[in-house]
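Chain and residue survey
Residue strings, one per chain:
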Amino acid sequence: EMTTSLLDSLRAWWPETILSLGALVVVVLGVWPKRSQPALAVAWLAVLASAVALWQAPATTSAEVFFGLIICDPFSLALRWIAWGTVAIVLLLIMASRDVKPALRGEYLGLVLFIGVGLMLMAEANHLLMAYLAMELVSLSSYVLVGFQDEPRSAEASLKYLLFGALSSGIMLFGMSILFGLTQSLAFPDL
């Protein structure tokens with residue numbers, strides 16, 4: 001029973017799995033500095049394969065997966081499409097940009113794909129801890145992207161963003177602990 005529900009959960013989360021694996025492959029390809037074109041091709045392949053998996057997701061049913069932490073319903077599907085479209089637009093902008101050095105393009109593309117995974121996960125979160133994990137995935141990737149340029153102002157902005165984000169994260173966790181104390185649950189339906 002548990003294995004079947006876990007396999008069903010993995011099937012429902014297939015678009016995010018494809019984007020995650022694509023991001024890992026893109027980062028590994030980014031290790032070789034003169035090979036930025038394969039990293040870009042793999043990033044596009046992951047985004048397109050994720051779109052195919054997202055297209056095949058059932059749009060009319062509502063299902064709680066991963067033991068109720070994630071909900072797949074028409075509203076979350078629409079928001080996942082918006083997150084997917086945002087990632088595709090950012091990839092197009094990266095292709096046209098000369099600001100990202102070819103030697104760092106693999107890491108840059110990988111972080112953008114991880115942000116896409118975080119945004120899609122946030123769209124389907126059904127539990128405060130899952131929403132927190134999704135927000136942290138987006139935030140940590142954003143901190144690194146802010147400091148990506150090779151100049152002191154970029155590093156300073158990244159450090160300030162990290163410190164501000166750490167403070168905000170701590171305050172948010174404190175608020176979640178108060179909510180848990182009041183309701184004895186962190187699931188959105190119970191709240």
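Residues numbered from 1 in each chain as written. Predicted model: local features only at pLDDT ≥ 70, side-chain atom pairs only at ≥ 80, totals over all residues. Heavy atoms only, no water.

**Quick word on the packing of helix α5 (residues 105–123) against helix α6 (residues 128–146)**
Heads up, the condition is: Between the N-to-C directions of two axes lies an angle of 0 to 180 degrees, each axis being a line fitted to C-alpha atoms and, for a helix, fitted only over the stretch in contact. Numbering goes from the N terminus for both helices and strands, where a helix is a DSSP run of H or I of at least four residues and a strand is a run of E of at least two. Reported orientations rely on four angle classes, namely roughly parallel under 35 degrees, roughly antiparallel over 145, roughly perpendicular from 65 to 115, and oblique for the rest. Crossings are sorted by hand: turned counterclockwise from the far helix by less than a right angle, the near helix makes the crossing left-handed, and turned clockwise it makes it right-handed. Any two residues whose heavy atoms approach within 4.5 Å are treated as being in contact.
Look at α5 against α6: their axes get within 8 Å of each other, and the N-to-C directions meet at 160°. In this view, α5 runs roughly antiparallel relative to α6, as classed from their interaxial angle. Both α5 and α6 take part in a crossing whose hand is left-handed. Contacts from Y108, L111, V112, F114, I115, V117, G118, L119, L121 and M122 in α5 reach M130, A134, M135, L137, V138, S141, S142, V144 and L145 in α6.

**Some words on the nonpolar core**
We apply this condition: Buried residues of nine kinds, namely Ala, Val, Leu, Ile, Met, Phe, Trp, Tyr and Cys, make up a nonpolar core once their side-chain atoms join them within 4.5 Å. Residue exposure (1.4 Å probe, protein chains only): buried if accessible area is under 20% of the type maximum, exposed if over 50%, otherwise partly exposed.
Core analysis: the biggest nonpolar cluster contains 41 residues, and V47, I70, L91, Y108, L109, L113 and L145 have the highest contact counts within it. Those elements that provide at least two residues to this core are α2 (14–29), α3 (36–55), β2 (70–72), α4 (74–96), α5 and α6. The element contributing the most residues to this core is α5, with 10 residues. When sequence neighbours within four positions are dropped, the list of residues in contact with L109 reads V26, A39, L40, A43, L91 and I94.

**Notes on the side chain of N126**
The topology assignment puts N126 in the loop between α5 and α6. Residues contacting N126, with those up to four places away along its chain left out, are E64, G68, L69, I70, I71, A187, F188 and P189.

**Regarding the environment of Q37**
Within the secondary structure layout, Q37 lies in helix α3. On a C-alpha basis, the gap between Q37 and S139 in space is 27 Å, while along the polypeptide they are 102 residues apart.

**Section: the packing of aromatic side chains**
Selection rule: Pairs were defined over the aromatic rings of Phe, Tyr and Trp, the Trp ring being its six-membered one, requiring ring centres within 6.5 Å. Orientation was assigned from the angle between planes: stacked under 30 degrees, edge-to-face over 60, tilted for the rest.
Counting across every chain of the model gives five aromatic pairs. Consider the rings of W13 and F66, whose centres lie 6.1 Å apart with planes at 90°: the pair is edge-to-face. Residue W13 is located in the loop between α1 (2–12) and α2, and its partner F66 is located in the loop between β1 (63–65) and β2; the two are separated by 53 residues in the primary sequence. Look at W13 and you get buried, because its relative accessible area is 17%. When the ring of W55 is compared with that of W81, the centres are 6.3 Å apart and the planes differ by 80°; the resulting orientation is edge-to-face. Taken together, the residues W55 in helix α3 and W81 in helix α4 connect sequence positions 26 residues apart. For W55, a relative accessible area of 69% corresponds to the exposed category. Residue class for W81 comes out partly exposed when judged on its relative accessible area of 28%.

**Some thoughts on the environment of S9**
Topologically, S9 is positioned in helix α1. Given the relative accessible area of 4%, S9 is considered buried. Placed 54 residues apart in sequence, S9 and A63 show a C-alpha to C-alpha distance of 9.3 Å.

**Focus: the pattern of salt bridges**
To be explicit about the condition: One speaks of a salt bridge when a side-chain nitrogen belonging to Lys or Arg is within 4 Å of a carboxyl oxygen belonging to Asp or Glu.
This model, assessed by the stated rule, comprises three salt bridges. The residue E16 makes a salt bridge to R80 at a minimum N-O spacing of 2.9 Å. With E16 in helix α2 and R80 in helix α4, this pair connects stretches of sequence that are 64 residues apart. For the pair E16 and R80, one class covers both residues: buried. Close ionic contact of R80 with E124 constitutes a salt bridge, the shortest N to O distance being 3.3 Å.

These figures come from the coordinates and say nothing about function on their own.
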